[in-house]
Amino acid sequence: MNRVAVLLTAALALSVTASAAPRTLDQIRASGTLKLGTEGAFPPFNFYQGKNLIGFEVDLGNALAREMGLKPQWVVQPFDSLLIALNQGRFDAVLASHAITPERQKAVTFLNPHYCSTVNIVAQKGGPLTRAALAGKTVGTQIGTAQIPILQAIPGIKDVRTFPNDQTILTALQAGRVDAWSSNGPVVAYMLKQTGQQGKIVIGEAISQEHNAGAVAKGNTALHDALNGALATLMKDGTYAKLSQKWFGQDIRCK
Ligand code: ARG
């Protein structure tokens, strides 16, 4: 083999190891660290305040790790790459407000939902706030989200434009580059409050009801069971209720 071929082979071997099989519960326990994946641009669930990753899901993930006797370590990457990275073993579990959908259930193994929410249509005051009103209109939503096919199925809708994250859609909506925005209600409410847009931008009709859950790599059963066990404990011992109060002023668990 020449030098280039040797280097290429080495690089390939390395990339194969880097995207190794997901870690088993035993391997995780032996390492003492639970690696959690998230996005970091979905307030107040997972987002940055300065350079600190914070939010309800970050607090919950840290509590889950602690409950399992592990140290949490966060891996942050774009939303639409999270489930692929999960199955490649880049982190052990993902907590990024994924809705449980039949499509995603084919790819990953979901935990029990850590909350329930709606996805809503949002517009400037006087703009389209219902499915019917979206006829002939353009709506912006995040790439890789569960609401994309739901929006595309709305009769007469002109265009479903995807954006890297919700902040960029809010900016586009304010500038009139899209007629509407679609995202999870609690996220929109939080962002409108943070940016002082309440009253100017309005939250309209719900287009779906979601069970939002973390996930592990497909078939990582022992880890799935351990995380579900830890989640059940936090939901019973008051930890979950406290965190939900802190971020939402109410308990957002599925009823
Ligand atoms: N709930 C929606 C979905 O499941 C959006 C989730 C977006 N999450 C995020 N961290 N940006 O697709």
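The protein chain carries the name Amino acid ABC transporter substrate-binding protein in an unreviewed UniProt entry, which gives Deinococcus metallilatus as its organism.

Looking at the environment of Gln 88
Residue position: Gln 88 is located in the loop between helix H4 (82-87) and strand S6 (93-99). In the structure, Gln 88 is positioned 129 residues away from Ala 217 in sequence and 8.0 Å away in space, judged by C-alpha atoms.

Quick look at the sheet that holds strand S1 (residues 33-38)
One open sheet accounts for eight strands, arranged S5-S1-S6-S11-S7-S10-S8-S9; its pairing is mixed. Sheet topology places strand S5 (71-76) and strand S9 (159-163) at the edges, where each strand pairs with a single neighbour. Across the sheet, the axes of successive neighbouring strands diverge by a mean angle of 30 degrees, strand direction being ignored. Relative to strand S11 (residues 201-217), strand S7 (residues 108-124) runs antiparallel, the two being bridged by 13 bridges.

Structural notes on the sheet that holds strand S2 (residues 41-42)
The strand order S2-S3-S4 describes an open sheet built from three strands, whose pairing is antiparallel. Looking at the sheet topology across the chains shown, the edges are occupied by S2 and strand S4 (52-54). Inspection of the sheet shows strand S3 (residues 46-49) paired to S4 by three bridges, in the antiparallel sense. When the bridges of S4 are listed, Gln 49 appears paired with Asn 52.

Some remarks on the state of the cysteines
Applying the stated criterion across every chain, the model contains one disulfide. Between the sulfur atoms of Cys 116 and its disulfide mate Cys 254 the distance is 2.1 Å. Note on the Cys 116 and Cys 254 pair: the S-S dihedral is about 95 degrees, so by sign convention the disulfide is right-handed. Of the two residues, Cys 116 sits in strand S7 while Cys 254 sits in the segment after helix H10 (239-248), which places them 138 residues apart along the sequence. Classification of Cys 254 by relative accessible area gives partly exposed; the value is 22%.

Parameters and conventions
Residues numbered from 1 in each chain as written. Predicted model: local features only at pLDDT ≥ 70, side-chain atom pairs only at ≥ 80, totals over all residues. Heavy atoms only, no water. Helix = DSSP H or I, 4+ residues; strand = E, 2+ residues; numbered from the N terminus. Pairing = 2+ DSSP bridges. Axes fitted to C-alpha atoms, helices over the stretch in contact; angles between N-to-C directions. Disulfide = S-S within 2.5 Å. Buried < 20%, exposed > 50% of the residue type's maximum accessible area, 1.4 Å probe, protein only.

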